[in-house]
Structure formats: C-alpha cells, structure tokens
Number of protein chains: 2
Amino acid sequence: MTDGPDAGGDWRSRLREQGYRLTPQRELILAAVETLGHATPDEVLAEARRTAPSVNASTVYRTLEVLEGLGLVRHAHLSDRAPTYHSVGGREHFHLKCRNCQRVESVDPEVAGGLLEALRTQHGFVADVGHLTVFGRCETCEEP
Amino acid sequence: MTDGPDAGGDWRSRLREQGYRLTPQRELILAAVETLGHATPDEVLAEARRTAPSVNASTVYRTLEVLEGLGLVRHAHLSDRAPTYHSVGGREHFHLKCRNCQRVESVDPEVAGGLLEALRTQHGFVADVGHLTVFGRCETCEEP
DNA sequence: CTACGTGCAAAAGCTTTGCATGCGT
DNA sequence: ACGCATGCAAAGCTTTTGCACGTAG
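Every value quoted in this text rests on a predicted model; they were computed, and no experiment measured them.

**A look at the overall build of chain A**
Point 1. The helix and strand tally for chain A stands at six helices and six strands.
Point 2. Considering only C-alpha atoms, chain A reaches an extent of 50 × 35 × 25 Å along its principal axes.
Point 3. Here chain A holds 144 residues, and the buried ones make up 44% of them.
Point 4. Taken as a whole, chain A presents about 7700 Å² of accessible surface, with 47% of it coming from carbon and sulfur.
Point 5. Across chain A, 16 positive and 21 negative side-chain charges occur, with their mean positions spaced 7 Å apart.

Right, here's the structure in full:
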C-alpha cells in the first residue's frame, strides 16, 4: 500500500516540483484513498474527516483532481453514478463489477492484453486499461 | 436501423404483453434514440421535442428505463458524466472513446472475445460486453 | 371505467464556483 | 510578504419524486 513507483515520500517532492503546495489536507486525502481502496469522493471526505472534521467537500474534489493529475490516484466508474478513486501505489489494474452482489474485483492488465493488442492493430486505438471497468456477473452469482 | 431481433412493430406487442401501455411518447422516445445513435437523456429529450414540444424530461427518464428493461435500448458511459443510450436494433457492440477528440467508435463484440473468455475461465466472471466502454486515444490523435 | 403514464413543480443529489481568510514557501 | 489552497455558502446540473389530470385499453 505504500510501495510502488512512488514509495516513501517522493510524491511530496514531485508535488512541489509541479508548483503545488504540500498541505495537510492533501496528505490526508491521499491517505484516505489508500486506506479505503476504492472510494467515492463522499467516502473519501468521510474518511478524511475522521482525522480532521473540518475538511470540506470542495477540497476533496479539488484535491482528487490534483492527485489524479500527478498520477497518484486514478478513478473508474464502478457504479452508474459515482466515480470511485483508488491509489496508484500498487500496480495498475482494471475492475470487474458484479451487477448482482455489487462486489468489485481488481484484475491484472495482462488479462486484457489480447483486447488491447486487437484494438491497437485493428482500430489504431491505444486503450487506457487502468480506467476500464467490466460489468457482469461474478462466479458466485452465476451459480445455477 | 429498423431491422434486427425486433424488426417492424413487434416491440409494441412485447410492450403490451409486459403490461405496459403503448403511448405516443414511448414511440417518440424510442425513435429519437434510434435517430441519434448515441445520446444522453438530455439529447433524447431535445430530439423528442422537435416533434412534440410538450414532452417532459421526467418522461424521458422513465421511458428510457422501461425501454431498457424491455431490451430495446441500452446505455453505456461514454463520458465521465452522462449515460448515453443507443438502440439495440442493430447488433450488439461496445464502445471506444477517444479522450482527445471525444470521438466514439462502435466495435464488434468479437474483438473482445479473448478478454471475455479469460475473465470466464480465470475469474468465473460473465461479462456484459454491450455495456463496455474503453477509453484511450484513437488513431488520428495518437499520430506523432 | 380503471389505473397507468404524463406534465409540472419541487426536491434531492452531487459537483462546481466565487470570495475572503489562512498558511505554505 | 506573496499568492496558492481552503472553508463556506450559494449556484448549477442532472435525475428523482409527489400529485392531479389525461388517456390507453
């Protein structure tokens, strides 16, 4: 959860190098995303408020945008409504979402390798696997 | 655009068989979706109003829900915000969305066959290809 | 004649924006 | 000291909901 391309506190330097300021809120919000795994802005807000109750929703939205711009978090659409954010601390992955039990599973990008290759050669399309979400029915829910 | 599993006016019978009533608005909204190809509820409303200016937004939402329940239309998320609806008149397909030029391309499900198979065998997950949207960069926008 | 579907208006989410103040650099 | 980031409040959108009326069956 804390290792990966940006282990330790390197991201703080990168943040500042890009002209951003390092604030408690930004640390808190990034930590919240990492703790939660997959979370909507609303859930991130709630988690952040456990530590600093005064944190504001607009700060969460603005911060998630900044963090995503820096490549520290990503978002995907795991429901028809809210976007959900996750840390890019670990390796890249895409998501399976069961329409029946709502469970979310993370999958290695390699599994989609064939599709990516086909899209590249047949459609000249370079896909962003990390943003991919596949809806369907999971093993348990598909049982007869 | 008018052929497929439900060619002609067969859908009207199915509609009634399911206990629904056949109203001008329902015809109009289905026609709007077919005319537009891919459209947000808002766009569907605008198109429907070209014929019947009194059509209401809530009717569009309610009707799209009914039509989707009957399998006459489907929706996918082609932008981070609005859902877009399309007719299921033609054959099933999934979507590629270019983040640069915003263009949408429809792709034959067969292209994703490998992925589906892998998800089924490796994760016991039965994917719904028709709802799939892959984000990335299209051929033209990827040129150096 | 029934009761489902529609239009209208208001409510409910969720996200964005304008400002004055606070704080990181 | 400068100016970006935050909190607060209000506005903006999209979607949902409650009701009374209209109309399909």
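**As for the domain arrangement of chain A**
All names here are of chain A.
Point 1. Partitioning chain A into structural domains gives domain 1 (10-87) and domain 2 (94-142).
Point 2. Centre-to-centre separation of domain 1 and domain 2, based on C-alpha positions: 24 Å.
Point 3. At the junction of the two partners, domain 1 supplies eight residues and domain 2 supplies nine residues.
Point 4. Approximately 750 Å² of surface area, both sides summed, lies buried where domain 1 meets domain 2, with 52% of it carried by carbon and sulfur atoms.
Point 5. The largest per-residue losses of area from domain 1 upon contact with domain 2 belong to His38, Arg74 and Leu78, which jointly make up 59% of the total buried on that side.

**Let's talk about helix H3 (residues 41-51) of chain A**
Residue and element names in this part refer to chain A.
Point 1. Taken as a whole, H3 has its buried residues at Pro41, Val44, Leu45, Glu47 and Ala48. Taken around the axis of H3, the buried residues stretch over an arc of 170°, which confines them to a single face. Exposed residues lying more than 90 degrees from the buried face of H3 are Asp42 and Arg50.
Point 2. Elements that come into contact with the buried residues of H3 comprise helix H2 (24-36), helix H4 (57-69) and strand E2 (84-87).

**A few points about the sheet that holds strand E5 (residues 126-127) of chain A**
Each strand in a sheet pairs with another by means of backbone hydrogen bonds, the pair being arranged parallel or else antiparallel.
Point 1. Strand order in the open sheet made by the four strands is E5(A)-E6(B)-E3(B)-E4(B), with mixed pairing throughout. Here the strands that pair on one side only, and so sit at the sheet edges, are E5 of chain A together with strand E4 (104-107) of chain B.
Point 2. Direction of pairing for strand E3 (residues 94-98) of chain B relative to strand E6 (residues 133-137) of chain B: parallel, over a ladder of four bridges. The partner of Cys98(B) across the bridge, within E6(B), is Gly136(B).
Point 3. Packing of helix H5 (residues 113-123) of chain A onto the sheet brings it into contact with E5 of chain A together with E3, E4 and E6 of chain B, and relative to E3(B) it is tilted by some 70°.

**A closer look at the protein's contact with DNA strand D**
Point 1. Lining the immediate environment of DNA strand D, one finds 20 residues, of which Arg21(A), Gln25(A), Arg26(A), Thr59(A) and Tyr61(B) sit closest.
Point 2. Gln25(A) is positioned with one of its side-chain polar atoms (N or O) 2.8 Å from a sugar or linking oxygen of DNA strand D.
Point 3. The side chain of Arg62(A) places a nitrogen or oxygen atom 3.1 Å from a base nitrogen of DNA strand D.
Point 4. Among the secondary structure elements, those contributing two or more residues to the surface near DNA strand D are H2 and H4 of chain A together with helix H4 (57-69) of chain B.

**Observations concerning the interface of chain B and chain A**
Point 1. With 33 residues of chain B in contact, the opposing surface of chain A contributes 33 residues.
Point 2. Counting the surface lost from both chain B and chain A, the interface buries some 2700 Å², and carbon and sulfur atoms represent 64% of this.
Point 3. Seen at the junction of chain B and chain A, the total is two salt bridges.
Point 4. Among the ionic pairs, Arg99(A) bridges to Asp128(B), the shortest N-O distance being 3.1 Å.
Point 5. Connecting chain B to chain A are 14 residue pairs in polar contact (both at pLDDT 80 or more).

**Regarding the protein's contact with DNA strand C**
Point 1. With respect to spatial proximity, 20 residues lie near DNA strand C, and among them Arg21(A), Tyr61(A), Thr23(B), Gln25(B) and Thr59(B) are the closest.
Point 2. Looking at DNA strand C alone, sugar and phosphate atoms form 70% of those within 4 Å of the protein.
Point 3. Contact distances for DNA strand C include 3.3 Å between a phosphate oxygen and a side-chain N or O atom of Arg16(A).
Point 4. At 3.1 Å from a base oxygen of DNA strand C is found a side-chain nitrogen or oxygen belonging to Arg21(B).
Point 5. Counting only elements with at least two residues in the surface near DNA strand C, the list comes to H4 of chain A together with helix H2 (24-36) and H4 of chain B.
Point 6. The residue makeup of the surface near DNA strand C, split by class, is six nonpolar, seven polar and seven charged.

**Here's the deal with the relation of the copies chain B and chain A**
Point 1. Each copy superposes on the other: chain B lies on chain A with an RMSD of 0.1 Å after a rotation of 180° and an axial shift of 0.0 Å. The relationship between the two copies is best expressed as a two-fold rotation axis.
Point 2. When the interface residues of chain B are mapped onto chain A, 100% of them are again interface residues, pointing to one common binding face.

**Considering the nonpolar core**
Point 1. Of all hydrophobic cores here, the largest spans 34 residues; its most connected members are Phe94(A), Leu119(A), Val134(A), Phe94(B), Leu119(B) and Val134(B).
Point 2. Sequence-distant contacts of Leu119(A), that is, excluding residues within four places in its chain, are made with Gly124(A), Phe125(A), Ala127(A), Phe94(B), Leu96(B), Val111(B) and Val134(B).

Rules used throughout
Residues numbered from 1 in each chain as written. Chains lettered and ligands numbered in written order. Predicted model: local features only at pLDDT ≥ 70, side-chain atom pairs only at ≥ 80, totals over all residues. Heavy atoms only, no water. Helix = DSSP H or I, 4+ residues; strand = E, 2+ residues; numbered from the N terminus. Buried < 20%, exposed > 50% of the residue type's maximum accessible area, 1.4 Å probe, protein only. Areas by Shrake-Rupley, 256 points an atom, 1.4 Å probe, with all protein chains shown as cover. Lys, Arg positive; Asp, Glu negative; His and termini not counted. Charge placed at Lys NZ, Arg CZ, Asp CG, Glu CD. Domains from an automatic or database assignment. Contact = heavy atoms within 4.5 Å. Buried area = accessible area lost by both parts, 1.4 Å probe. Arc of directions from axis to C-beta. Pairing = 2+ DSSP bridges. Axes fitted to C-alpha atoms, helices over the stretch in contact; angles between N-to-C directions. Near = heavy atom within 4 Å. Polar contact = N/O pair within 3.5 Å; in protein donor to acceptor, adjacent residues only side chain to side chain. Salt bridge = Lys/Arg side-chain N within 4 Å of Asp/Glu carboxyl O. Nonpolar A, V, L, I, M, F, W, Y, C, P; charged D, E, K, R; others polar. Least-squares fit on C-alpha atoms with pLDDT ≥ 70 in both. Core = buried A, V, L, I, M, F, W, Y, C linked by side-chain atoms within 4.5 Å.

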